[in-house]
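One letter stands for each residue in the lines below.
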Amino acid sequence: MVILSVNAETETIQTSISCNCDDDCDDGNRCTTDMCSSGLLFGKYCTHTEICCDDNDACTIDSCSKTTGCVHTPINVDDKNPCTIDKCSKGFITHTPISCDDHNACTIDTCDCSSGGCQNKPISCDDGNPCTVDSCNNSTGCCNTQINVDDGNPCTIDSCSIFTGVIHIPVMVDDGNPCTVDSCNKDGSITHALVNVDDNNKCTIDICSPFTGITHTPICCDDNNACTVDSCSNSTGCVNTPISCDDNNPCTVDSCNNSTGCCNTPINVDDNNPCTIDACTKSTGVTHTPVNTDDNNKCTIDACTKEGGVTHTPVNTDDNNACTYDSCSPSTGISHTPINCNDNNACTVDSCSNSTGCVNTPMSCDDNNPCTVDSCSNSTGCCNTPINVDDNNPCTVDACTKSTGVTHTPVNTDDNNACTIDSCTKEGGVTHTPVNTNDGNACTYDSCSPSTGISHTPINCNDNNACTIDSCSNSTGCVNTPMSCDDNNPCTVDSCSNLTGCCNTPINIDDNNPCTIDACTKSGGVTHTPINIDDGNKCTYDSCTKEGGVTHTPISCNDNNACTVDSCSNSTGCVNAPMSCDDNNPCTVDSCNNSTGCCNTPINVDDNNPCTIDACTKSTGVTHTPVNVDDNNKCTIDSCTKEGGVTHTPVNTDDNNACTLDSCSPSTGISHTPINCNDNNACTVDSCSNSTGCVNTPMSCDDNNPCTVDSCSNSTGCCNTPINVDDNNPCTIDACTKSGGVTHTPVNVDDNNKCTYDSCSKENGVTHTPISCDDKNACTVDSCSNSTGCVNTPMSCDDNNPCTVDSCNNSTGCCNTPINVDDNNPCTIDACTKSTGVTHTPVNTDDNNKCTIDSCTKEGGVTHTPVNTDDNNACTYDSCSPSTGISHTPINCNDNNACTVDSCSNSTGCVNTPMSCDDNNPCTVDSCSNSTGCCNTPINVDDNNPCTIDACTKSGGVTHTPINVDDNNKCTIDACTKEGGVTHTPICCDDDNACTIDSCSNSTGCINTPISCDDKNPCTLDTCTKEKGCQHTTMTTDDNNKCTIDSCSPTTGVTHTSINCDDNNACTFDSCSNSTGCVNTPMSCDDNNPCTVDSCDKKTGCCNTPINVDDNDKCTIDSCTKQGGVTHAPICCDDNNACTVDSCSKSTGCVNKPISCDDNNPCTADSCSNSTGCVNTPINVDDNNPCTIDSCTKSGVVTHTPVNVDDNNPCTSDTCNSDGTITHTPINTDDNNKCTLDSCSPKNGVTHTPINCEDGNKCTINSCSPSVGCVSTPISCPKPKDKCSISQCDSIKGCIEVPMNCTSDKCNEASCCDGVCTSKPISCPKPKNKCQVSKCDLIKGCTVSNVVCDDGNACTQDSCCEDTGKCIFEPITLPKNKNRCVISKCDPIKGTITNSTVSCECDDLCNIGECCEDTGKCNYRQKDCNDNNPKTADSCDSKTGKCINKPYSVISSGSNLISGLIGGLIGGGTGGNGDCKTSSKLDYQLKINQLVEI
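Since this is a predicted model, take the numbers as computed values, not measurements.

## Some thoughts on the overall build of the chain
Thought 1: Along its length, the chain carries two helices and 120 strands.
Thought 2: In terms of overall dimensions, the chain is more spread out than a globule: its C-alpha atoms have a radius of gyration of 67 Å, far above the 35 Å expected for 1494 residues.
Thought 3: Judged by the C-alpha coordinates and their principal axes, the chain covers about 185 × 160 × 55 Å.
Thought 4: Within the chain, the proportion of its 1494 residues that are buried is 23%.
Thought 5: Taking as baseline every contact in the chain between residues at least 6 positions apart, the subset at least 24 positions apart corresponds to 31%.
Thought 6: Counting every atom, the chain has about 93700 Å² of accessible surface; 52% of that belongs to carbon and sulfur.
Thought 7: Across the chain, the centroid of the 71 positively charged side chains sits 17 Å from that of the 197 negatively charged ones.

So this is what it looks like as structure tokens:
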């Protein structure tokens, strides 16, 4: 690079580098403005002008970096002291110390020079004395106040020591007796009150023993009634509250049984209306909600009637046209689809009649052979198949000949068994049905023998029970009727013994209740009359219990109210007298709490006034002292209000002069400093107005040129910059002339393309918007040709989906309507998919309920038939759970009769066999009670027969010993009668029992030997009856099941063999019915599908062979459906690609041939869009340079022409920017001389005019520095001759002298003497009242205040004597106590008065001291240790105060006895101090006298 010239004035360098635009001149230096300029000699050349970085801020150093541009570095103002705030403002540096004062007298405030942080360290006020409360007041500092050790409790000894702190030692009150409450009272006296053993619980017996203490024994309240809740009320005693059986359920009938309790029986909610859902809930009760009949099926008419219930009647879809398939879709409703009459059967002629429908006329294939089935095959024609001669009847032999045709000869069914009925049926084949041996008589045992036939043997009904009458009913069998033993006497328990018969035992009427009188009469039955328990005393609770009998328990008069004194009067009952809680203290609110007693609550002294200090003392009552509001700050007005409390309102410093800076110092007050109005702006005239403040009036820089923007630079003055003519509108060509001003000429927007709409907007510039070719027809593909305009091509709507009917709607476009797949079969799920077409999948009938048999039929749909749960066992409760299936739960046979043995028979159910109550004791009458069981009542042995000696023993039983009539023959009855004759009557040994052999032995008496009836045959039931003897009844083998062969063998017993119902035919369903036997039901192989050939093979079963639907045309989709049969739907070859021509070939299928999109235009890029077709997009000629005009010619040549940026103005640098905007940047005219005003004009170019620094202020000398500009140096005024004057400068007058300002306050008079300000205190007058003092307030002046007399003792009344001015401290008057044993004292800190009692304690703990209330002196009495036992020596231990009761040592010598006694008495120890007495001589004398008596 060669430098051609340097312009020192403009700091511009001209080089030899040629250029086309400013970008060619970039020298990489951010400190120059690089331009490409035109010259006469060298053409276009580069110039580099230095930029100006002055920011007009004297607190920054301005420089320029080649890499980053202007840099404004703040000057360093840091004085390295972290405790100052360092600032620079308008070139003046200040270092202001930070304030660390937190205005808290409890902290030491400093600033740490190392860290710079304020430190406010709390001072320690701890004086190391636990007997003081150490604190700190933020305004006054440390305060160490003596603590009050008095806890206000006369029952503690209160003190404080530097070593232990405050201690409160409780006084000793325990007397060692758990039956007394030992306490110390409010007055300091100790009491040992008997404990109240009453726990206020009527449910306990309360006592106290010195050994065990208090016990509370619960009482029993059980009334043995399941319908009551037995409890005990603490206030009233036993409560037998009837239970509420109300389950709050309107759905149950609630009742109660005394023995079992509540019974909540569900109510019947059925209203016998099938059109309602009947239910009952706790919240709504019984409801009958109408059923929802809507099955969401547009193919049914939904209704409900009482007679028929809910019905869904199918709508009539018939359009009376047999050539349409009438159907209905639950979602869309009725449709009429033309039917397809092509049955794909070469054996028919196919047509359709509107009246009859499809007509498929069969052709005749008859070959006149009775042994062939003549038919026609859909695909091959006639077929003469040998007929199937099987008539599906297992009862015939089947054959066929041309002469006879088909024959079916009956089979032989006889099995030579007299116990079967032989037959043959189509359904079951040959069967040998067991004969029915039942003669309908329940009193016979029915059986059958294969050789002899049926027999009926009578059964035995004797149950060997003396308490039943035995018989047999032909309809029900044996009847064992219980006999009645009721003697109509409520005083006996009536029962029956299985061995002896009826027994009427007297009942036990004792209810073991001492509270009732028990009796029984025939008329009234058993009665338990309550006894009278009232003792006439209202202070006892009279009761009677089974356990304790009659009791008179003292009632508790404790009303659980601590505010009453409770007692009891025998005549009126409980008395609860209110107590007084007045503590004579005006600072408490006296009340009583029912639970805790007297409550003396301190009153709230707060008057809600923040301007007073609120307090209360016994002497003065409530006081509200005004607070001190002075904060010693001259910048605040101090006051206090109820609403805002103490406030320190800042004073108003405003002097209404906008030319002063108003401030206030807490120590000196308000000041008003003149402000500086120099704005360092060369474009303004600076002055100040008292009303508005600084006035900086802008100067006019108008050069009357419409093509310049006239402005002013703060540092240099006026600047006339060429205006930017760009109107930011790309739709105009912009220019400016002096004569015409700015002009904006519109551009040409036409691009000669019929597919675009050409326009221009400010936002987007010139645009060529594609036109819309939408013809509002959704069935066309819309496109555009550059030469002709819009093209609208019809579209294809085939979606290649066999499940839709394809069409097109002009408004909505392609419509692919789903076909109706419903086959009107509720047992299939109908669907259609692209891959499978229409499918009818069988529904899943399983309802996951093991209690139903699930199936589906066309007629009934899915059904869930309940299973049969009966297991033919009378001993089980048969049920079914949906999750687990059938269950057989054993039934409960307990008849709640203690006199029966409960069991169950599988055939008849529960059996409750009477039990034997024989205790093998002849001395009791054995009976049984239904509720308690066996009862063995001692018998009455008196036979009122003088001929017998009556007795009873277990070994001998009841004996009525006759006068000796025994003839030693056990076969005679020896007796004695009242008349006196002895008789020996032969006994009868016949027991009327055919099952015994009866005889008599002279030695033993009657012998009845049971016979054996066992015939060793398992096929007979062996029994014996009293009437007939042995019976061998043939056992019945019939299990009432036609599916078993029943028999009995003497070796194996009864057997039930299942029959075989398999007919070896896969085309039948084989089963067996318990009622009818084998069932072989032919199965249907018809799948209702015209697309299959249906048949059945006896070996393999059903066969549904699909038909062949292929038409060998690759342009059709071949299928077969249940509804339409075989169809050949044209396939859709539309590949949804606008870039192909679509067609179809029968041999190869779809053909999609690409189209050509070449428009023979080299300025377009030709392509094809799959959605819209050919696209001919103009090529992109944009070189991404907005400073060029880009185009393409017909020959295909792309050009980029630079735009013209020159504005012919020497004061601007003209460039085209990267965003396309043209800028005419004013050149830098700054000559770095602050003393010149730099400018440039299109005519004269750059000029530098010297500035005027005269500021019109007589207090400054004005000059100019090229580096900083104007400098105003303050002048120095000479010292005044008068030392009490000061020199200052006035901006208008210059130097002047003014008197020195000696400010003062209201307590001093200020003056100046020889240049020094002095002050003389004023004298305030003395007040006439000597209890007042005068003082001077710096703000208010002289004030009068009262003398404060406080000796720090709350037990004195403090006042001031107005005559002398001295303080008087008089002790407060303590209340006089009537009881001289009570001493009142005052707490000097709290001011509270407490009472303590005179202590009468003695060193000898056996002397009990008491204080006399009248004299206040102690009286002493000896502790009573007499145990009233003459055999002990009673004394008291003076150290422990415990009694000693020593047994005497009995000595034979009387003198030794007496001396031992006296030694034992005196040995206990006595003594004491002061007035304390020794042990009582009277007690000793009593003991001696007792011993002398011994």
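What follows continues from the structure just given.
## Considerations on a nonpolar patch on the surface
Thought 1: A contiguous nonpolar patch, built from I157, I167 and I169 and spanning about 260 Å² of accessible area, is present on the exposed surface.
Thought 2: Tracing the chain through its elements places I167 in strand β14 (residues 165-170).
Thought 3: Of the residues examined, I167 reaches a relative accessible area of 33% and is grouped as partly exposed.

## Concerning unusual backbone geometry
Thought 1: Here the phi dihedral of N200 falls at roughly 55°; this positive angle occurs in a residue that is not glycine.
Thought 2: By the element assignment, N200 lies in the loop between β16 (190-194) and β17 (204-209).
Thought 3: Located in the positive-phi region is N560, a residue other than glycine, with phi close to 55°.
Thought 4: Here N560 is to be found in the loop between β46 (549-554) and β47 (564-569).

## Some words on the pattern of salt bridges
Thought 1: Tallied over the entire structure, the rule returns three salt bridges.
Thought 2: Here D774 makes a salt bridge to K776, at a shortest N to O gap of 4.0 Å.

## Here we look at the environment of C971
Thought 1: Tracing the chain through its elements places C971 in the loop between β80 (957-962) and β81 (972-976).
Thought 2: Its relative accessible area of 11% is what places C971 among the buried residues.
Thought 3: In this structure, the C-alpha to C-alpha distance between C971 and M483, residues 488 residues apart in sequence, is 33 Å.

## Some details on the side chain of T1044
Thought 1: In this fold, T1044 is placed in strand β87 (residues 1044-1049).
Thought 2: Given a relative accessible area of 8%, T1044 falls into the buried group.
Thought 3: Looking at T1044, its side chain comes within polar contact range of the side chain of D1039, at 3.0 Å.
Thought 4: A distance of 3.1 Å separates the side chain of T1044 from the backbone oxygen of N1041, its partner in a polar contact.
Thought 5: Residues in contact with T1044, not counting those within four places in the same chain, are P434, D1039, H1056, T1057, S1058 and I1059.

## Here we look at the side chain of T588
Thought 1: For T588, the location among the structural elements is in strand β49 (residues 588-593).
Thought 2: A distance of 3.2 Å separates a polar atom in the side chain of T588 from the backbone oxygen of N585.
Thought 3: In contact with T588, other than residues within four places in its own chain, are D583, N600, T601, P602 and I603.

## Describing the state of the cysteines
Thought 1: Across all of its chains, the model carries 79 disulfides by this definition.
Thought 2: Two residues share a disulfide in this structure: C659 and C688, whose sulfurs sit 1.9 Å from each other. Around the S-S axis, the bridge from C659 to C688 shows a dihedral of about -115° and counts as left-handed. With a gap of 29 residues between them, C659 in the loop between β54 (645-650) and β55 (660-665) and C688 in strand β57 (residues 684-689) connect regions that are remote in the sequence.
Thought 3: The exposure class of C659 is buried, given its relative accessible area of 10%.
Thought 4: Under the relative-accessibility criterion, C688 is labelled partly exposed at 36%.
Thought 5: With a sulfur-sulfur separation of 1.8 Å, C899 is cross-linked through a disulfide to C928. Taking the sign of the S-S torsion, -105° for the link of C899 and C928, the bridge is left-handed. Highlighted residues: C899 in the loop between β74 (885-890) and β75 (900-905) and C928 in strand β77 (residues 924-929), separated in sequence by 29 residues.
Thought 6: You can call C899 buried: its relative accessible area is 10%.
Thought 7: Exposure remark for C928: the relative accessible area of 5% places this residue in the buried category.

## Some thoughts on the pairing of strand β34 (residues 405-410)
Thought 1: Bridging between strand β33 (residues 396-401) and β34 involves six bridges; their strand directions are antiparallel. Bridge pairing in β34 places D398 opposite H408.
Thought 2: Connecting β33 to the antiparallel partner β34 that follows it, the hairpin turn spans three residues.

## Describing the confidence of the model for the chain
Thought 1: Averaged over every residue, the pLDDT of the chain is 79; residues scoring 70 or more account for 94%.
Thought 2: Low pLDDT (under 50) marks residues 1450-1475, which in the prediction has 37 contacts with non-local residues, meaning those over four places away or in another chain.
Thought 3: Between residues 1477-1494, whose pLDDT stays under 50, and residues either more than four places distant or in other chains, the model counts 36 contacts.

## Quick word on the pairing of strand β118 (residues 1418-1422)
Thought 1: Alignment of strand β117 (residues 1407-1411) against β118, held across five bridges, turns out to be antiparallel. Pairing of N1407 across the sheet is with Q1422, part of β118.
Thought 2: Counted between consecutive antiparallel strands, the loop separating β117 from β118 contains six residues, among which G1416 sits at a positive phi close to 80°.

## Observations concerning the environment of N249
Thought 1: Note on placement: N249 falls in the loop between β20 (237-242) and β21 (252-257).
Thought 2: Classification of N249 by relative accessible area gives buried; the value is 18%.
Thought 3: In the structure, N249 is positioned 33 residues away from K282 in sequence and 4.9 Å away in space, judged by C-alpha atoms.
Thought 4: With residues up to four places along the chain from it excluded, the contact list for N249 reads T281 and K282.

## So, a negative patch on the surface
Thought 1: On the surface, D23, D24, D26 and D27 cluster together to form a negatively charged patch.
Thought 2: Its location among the elements puts D27 in the loop between β2 (12-18) and β3 (32-39).

## Comments concerning the environment of T996
Thought 1: Tracing the chain through its elements places T996 in strand β83 (residues 996-1001).
Thought 2: Residue T996 is classed as buried on the basis of its relative accessible area, which comes to 15%.
Thought 3: Sequence separation between T996 and K1320 is 324 residues, and the spatial gap between their C-alpha atoms is 157 Å.
Thought 4: In contact with T996, other than residues within four places in its own chain, are D991, N1008, T1009, P1010 and I1011.
Thought 5: Side-chain polar atoms of T996 contact the side chain of D991, separated by 2.7 Å.
Thought 6: A polar contact of 3.1 Å, which involves the side chain of T996, links it to the backbone oxygen of N993.

Rules and cut-offs
Sequence positions are assigned chain by chain, starting from 1 and proceeding in written order. With the structure being a predicted model, the display of local features is reserved for residues of pLDDT at least 70 and the display and counting of side-chain atom pairs for 80 or more, all residues being used for whole-chain, interface and lining totals. Just so you know, side-chain values use all the structure's heavy atoms and leave hydrogens and water out. Helix and strand assignments follow DSSP, with helices taken as H or I runs no shorter than four residues and strands as E runs no shorter than two, numbered in order from the N terminus. Only C-alpha atoms enter the radius of gyration, while the globule expectation follows 2.2 Å times N to the 0.38, with N the number of residues. Buried residues are those whose accessible area, probed at 1.4 Å on protein chains only, stays under 20% of the maximum for their type, while exposed residues exceed 50% and partly exposed ones sit between those limits. Only heavy atoms matter for contacts: two residues are in contact if any of them lie within 4.5 Å across the pair. Areas reported as accessible are Shrake-Rupley estimates using a 1.4 Å probe. Residue values count occlusion only from the protein chains shown. Counted charges follow a simple rule, with Lys and Arg positive, Asp and Glu negative, and His plus the chain ends left uncounted. Note that the charge is assigned to NZ on lysines, CZ on arginines, CG on aspartates and CD on glutamates. Residues enter patches when they are more than 30% accessible in relative terms and free of salt bridges; like-charged ones are connected within 9 Å and nonpolar ones (Val, Leu, Ile, Met, Phe, Trp, Tyr) within 5 Å. Counted as salt bridges are all cases of a side-chain nitrogen of Lys or Arg within 4 Å of a carboxyl oxygen of Asp or Glu. In protein, a polar contact requires one atom able to donate a hydrogen and another able to accept it; more generally it is a pair of N or O atoms within 3.5 Å, and residues adjacent in sequence count only if both atoms are side-chain atoms. We call a pair of cysteine sulfur atoms a disulfide when they lie within 2.5 Å. Between any two strands, at least two bridges found by DSSP are needed for them to pair. Note on scores: pLDDT gives the predictor's confidence for each residue, bounded by 0 and 100.

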